[in-house]
Amino acid sequence: MLEVKTRKQNTVAIVEIEGEVDLYSSPQLRKVLLELTKEKSPAILVDLANVKYMDSSGVATLVEALQQVGKYSGNLKLANLRDAVKDVFELSRLDKVFDIYQSTNEACSAFK
Amino acid sequence: MKEIEIKLPSDPRYLKIIRNGISHISEICGFSDEECNALTIAVDEAAANIIKHTYNGDENQTIIVRFTIKDDRLEIILRDFGKKIDPKNIKPRNLDDIRPGGLGVHLIKSAMDEVTYDNSPEVGNQLIMTKYLPGGK
């Protein structure tokens with residue numbers, strides 16, 4: 001099962017995900033991210049510390065959110081990727097497309 | 001030679017069973033952590049593609065996954081009973097084209113040494129994926 005929680009830290013909307021993101025669970029993540037982009041949230045940080053697995057549908061969801069954010073000149077960053085998730089981004093060559101940080105604090109400071 | 005077969009419904013909530021299977025089997029075969037992750041995602045993507053494209057999201061069809069550990073290789077066959085897929089239409093997308101979707105075939109081909117789409121069965125398709133064992137080729 002996937003758990004997706006959103007909290008605010010100053011102006012940053014932090015999306016904390018826990019579980020495995022796959023074809024079954026990615027629509028749940030998509031719903032949360034698209035709600036944030038719909039309200040033109042200027043800074044979105046996706047915290048992947050507790051994501052053990054992500055498939056291409058999860059990656060596609062993040063790409064879609066990144067593109068939506070780009071439309072209103074907002075910012076979306078990723079933090080705390082585990083090795084298995086990092087591998088998927090590297091294999092897809094998307095590690096160069098996303099701003100990826102080692103920690104949520106580091107990512108939050110980078111929004112300023 | 002050792003054979004393990006999993007038969008399951010084409011419902012995405014059961015994909016985790018396939019992932020647990022391939023993850024454990026690739027570990028037994030002695031693949032590195034990185035290779036185990038890549039094999040897990042490849043088999044998961046292949047099964048997800050069957051659900052999305054062959055069965056068009058119908059959750060009540062059947063997928064059979066057969067893992068065969070041979071002397072020099074791990075062979076994984078995914079069998080479906082849906083509409084025929086033309087192998088010519090299965091292409092990895094250009095990675096410079098940044099857009100949602102279309103990464104599955106790329107992830108499958110990156111992880112495996114050989115990938116063959118076989119639509120010769122009377123009904124459905126089978127995807128044969130091979131990864132040579134460490135020191136096996």
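Note that the coordinates shown come from a computational prediction; the quantities given were computed from them, not determined experimentally.

1. Remarks on the interface of chain B and chain A
Facing 25 residues of chain B, the contacting portion of chain A comprises 21 residues. Around 2000 Å² of area is buried between chain B and chain A when both sides are counted, 63% of it from carbon and sulfur atoms. Linking chain B with chain A are three salt bridges, by the criterion used here. R19 of chain B is the partner of D22 of chain A in a salt bridge, and the nearest nitrogen-oxygen pair spans 2.9 Å. For the pair chain B and chain A, the number of links is six residue pairs in polar contact (both at pLDDT 80 or more). Elements represented by at least two residues in the side of chain B that touches chain A include exactly helix 1 (15–28), helix 2 (33–54) and helix 3 (104–111) of chain B.

2. Some details on a negative patch on the surface
Together, E90 of chain A together with E27, D33 and E34 of chain B give the surface a local cluster of negative charge. Checked against the element boundaries, D33 of chain B lands in helix 2. A relative accessible area of 64% means that D33 of chain B is categorised as exposed.

3. Quick notes on unusual backbone geometry
Residues and elements named next belong to chain A. Of note, the phi angle at N10 is positive, near 55°, even though the residue is not glycine. For N10, the location among the structural elements is in the loop between strand 1 (3–9) and strand 2 (12–21). The phi dihedral of S73 is positive, around 60°, even though this residue is not glycine.

4. A few points about the side chain of N49 of chain B
Mapped onto the fold, N49 of chain B is located in helix 2. Assessed through its relative accessible area of 17%, N49 of chain B is described here as buried.

5. With respect to the pattern of salt bridges
Using the criterion set out here, one finds 15 salt bridges over all chains in the structure. For the salt bridge of D83 of chain A with K86 of chain A, the shortest nitrogen-to-oxygen distance reads 3.9 Å. Of this pair, D83 of chain A and K86 of chain A both sit in helix 3 (residues 83–91), three residues apart, roughly one helical turn. What makes K86 of chain A partly exposed here is its relative accessible area of 33%. Among the ionic pairs, D11 of chain B bridges to R13 of chain B, the shortest N-O distance being 3.4 Å. Linked by salt bridges that have partners in common, E20 and D22 of chain A together with K16, R19 and D44 of chain B make up one network.

6. Some points on the sheet that holds strand 5 (residues 99–101) of chain A
Residue and element names in this part refer to chain A. Taken in spatial order, the five strands of this open sheet run 1-2-3-4-5, and their pairing is mixed. Looking at which strands have only one partner, the edges of the open sheet turn out to be strand 1 and strand 5. For this sheet the average axis-to-axis angle between neighbouring strands, irrespective of direction, equals 25°. Sheet strands in contact with helix 1 (residues 26–38) are strand 1, strand 2 and strand 3 (43–54), and its direction is about 170° off that of strand 2. Along the sheet, helix 3 makes contact with strand 3 and strand 4 (75–79), crossing strand 3 at roughly 110°.

What counts and what doesn't
Residues numbered from 1 in each chain as written. Chains lettered and ligands numbered in written order. Predicted model: local features only at pLDDT ≥ 70, side-chain atom pairs only at ≥ 80, totals over all residues. Heavy atoms only, no water. Contact = heavy atoms within 4.5 Å. Buried area = accessible area lost by both parts, 1.4 Å probe. Salt bridge = Lys/Arg side-chain N within 4 Å of Asp/Glu carboxyl O. Polar contact = N/O pair within 3.5 Å; in protein donor to acceptor, adjacent residues only side chain to side chain. Helix = DSSP H or I, 4+ residues; strand = E, 2+ residues; numbered from the N terminus. Patch = residues over 30% accessible without salt bridge, like charges linked within 9 Å, V, L, I, M, F, W, Y side chains within 5 Å. Areas by Shrake-Rupley, 256 points an atom, 1.4 Å probe, with all protein chains shown as cover. Lys, Arg positive; Asp, Glu negative; His and termini not counted. Charge placed at Lys NZ, Arg CZ, Asp CG, Glu CD. Buried < 20%, exposed > 50% of the residue type's maximum accessible area, 1.4 Å probe, protein only. Pairing = 2+ DSSP bridges. Axes fitted to C-alpha atoms, helices over the stretch in contact; angles between N-to-C directions.

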